[in-house]
Amino acid sequence: MIATIAELREIASRVTDPEIPVLTIADLGILRDVDMEGDTVVVTITPTYSGCPAMDAITEDLGIVFKESGYDNVRVNLVLSPAWSTDWMTESGKTKLEAYGIAPPTGTGHRGPVTLGMAVKCPQCHSLNTKELSRFGSTACKSMYQCKDCLEPFDYFKVLS
Ligand SMILES: [Zn+2]
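Residues numbered from 1 in each chain as written. Predicted model: local features only at pLDDT ≥ 70, side-chain atom pairs only at ≥ 80, totals over all residues. Heavy atoms only, no water.

## Some details on the side chain of D17
Next, step 1: Mapped onto the elements of the fold, D17 is located in the loop between α1 (5–12) and α2 (25–28).
Next, step 2: Within the buried core, D17 has no salt-bridge partner, and the shortest N-O distance to an opposite charge, that of K142, equals 7.0 Å.
Next, step 3: Sequence-distant contacts of D17, that is, excluding residues within four places in its chain, are made with L23, L28 and A54. (Helix = DSSP H or I, 4+ residues; strand = E, 2+ residues; numbered from the N terminus. Buried < 20%, exposed > 50% of the residue type's maximum accessible area, 1.4 Å probe, protein only. Lys, Arg positive; Asp, Glu negative; His and termini not counted. Salt bridge = Lys/Arg side-chain N within 4 Å of Asp/Glu carboxyl O. Contact = heavy atoms within 4.5 Å.)

Here it is, written out as structure tokens:
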């Protein structure tokens, strides 16, 4: 079986984030590289931060999707540097996240001592009149917000750099 790298990447892109099933690992930007070494598919991913321990599930799912496509040997390399940041999330990923009811990260992360506060948009009514309820939402990578216009609480996917 001969597959192009693009085809292998397409297969790997079927794997979704276990916590946010509408987002594929390609949408999240954690799928770095897919290659073939002999008869082994080598997938390189950069994990999101340790608060989102989804890597075991993603590694397992990669094994499953490649086996379904006829590849029995899969190796997953985790590359920690450069560290994943929410900037790597694709625009289509951000759109899907918002449609799912989670406000996508806005702006870019900042490594200096001054952090730039960006208004978080309500995924329900798109109002920017929102407030943070809690730094920690359902998982460590999200925080809990509430819209002051429609009063809906929602998760915000924190900017990480
Ligand atoms: Zn709202």
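## Details of the sheet that holds strand β6 (residues 142–147)
Next, step 1: The four strands lie next to each other as β4-β7-β6-β5, forming an open sheet whose pairing is mixed. Each having just a single partner strand, β4 (102–103) and β5 (130–134) make up the two edges of the open sheet.
Next, step 2: Relative to β6, β5 is paired through four bridges, and the arrangement is antiparallel. Within β6, the residue paired with S134 across the bridge is M144. (Pairing = 2+ DSSP bridges.)

## A closer look at the coordination of the zinc ion
Next, step 1: Within the protein, C122 (SG), C125 (SG), C147 (SG) and C150 (SG) serve as the donor atoms for the zinc ion, at 2.3 to 2.4 Å.
Next, step 2: Taken together, the four donor atoms coordinating the zinc ion span angles of 105 to 117° at the metal, a pattern that classifies the geometry as tetrahedral.
Next, step 3: The sequence pattern describing where the donors of the zinc ion fall on their chain is C-x2-C-x21-C-x2-C. Here C122 is found in the loop between β4 and β5, whereas its partner C150 is found in the loop between β6 and β7 (153–157), with 28 residues between them in sequence.
Next, step 4: On the basis of relative accessible area, C122 is assigned to the buried category, the value being 0%. (Donors = N, O, S within 2.8 Å, 3.2 Å for Na, K, Ca; no water. Tetrahedral: all angles 85-135°; square planar, octahedral: opposite > 155°, others 65-115°.)

## Focus on the pattern of salt bridges
Next, step 1: Counted by the stated rule, this structure contains six salt bridges.
Next, step 2: In this structure, D72 and K67 form a salt bridge, with 3.2 Å as the shortest nitrogen-oxygen distance. Side by side, D72 and K67 carry an identical accessibility label, which is exposed.
Next, step 3: Put simply, E91 and K94 hold a salt bridge, and the shortest N to O gap is 3.8 Å. In this pair, E91 and K94 are both assigned in helix α4 (residues 91–99), three residues apart and thus about one turn of the helix distant.
Next, step 4: Note on K94: relative accessible area 16%, which makes it buried.

## Considerations on helix α3 (residues 55–68)
Next, step 1: With 14 residues, α3 extends 20 Å from end C-alpha to end C-alpha; this agrees with the ideal 20 Å at 1.5 Å per step.
Next, step 2: For α3, the complete set of buried residues consists of M55, I58, L62, V65 and F66. For α3, the arc enclosing every buried residue in end-on projection is 95°, short of the 170-degree limit, so these residues lie on one face. Turned more than 90 degrees away from the buried face of α3 sit D56, E60, K67 and E68, all of them exposed.
Next, step 3: Where the residues of α3 are buried, they touch α1, α2, β1 (31–37), β2 (40–45) and β3 (73–78).
Next, step 4: Once α3 ends, the next one or two residues include G70, with phi positive near 95°. (Expected span 1.5 Å × (residues − 1). Arc of directions from axis to C-beta.)

## Considerations on the packing of aromatic side chains
Next, step 1: This structure, assessed with the given rule, holds four aromatic pairs.
Next, step 2: Taking 6.3 Å as the distance between ring centres and 70° as the angle between the ring planes, the aromatic pair formed by W84 and F157 counts as edge-to-face. Taken together, the residues W84 in the loop between β3 and α4 and F157 in strand β7 connect sequence positions 73 residues apart. In terms of burial, W84 and F157 fall into one category: buried.
Next, step 3: Taking 5.4 Å as the distance between ring centres and 70° as the angle between the ring planes, the aromatic pair formed by Y145 and Y156 counts as edge-to-face. Of this pair, Y145 sits in strand β6 while Y156 sits in strand β7, and the two are eleven residues apart along the sequence.
Next, step 4: Its relative accessible area of 12% is what places Y145 among the buried residues.
Next, step 5: In this structure an aromatic cluster arises from ring pairing among Y145, F154 and Y156. (Phe/Tyr/Trp six-rings, centres within 6.5 Å; stacked < 30°, edge-to-face > 60°.)

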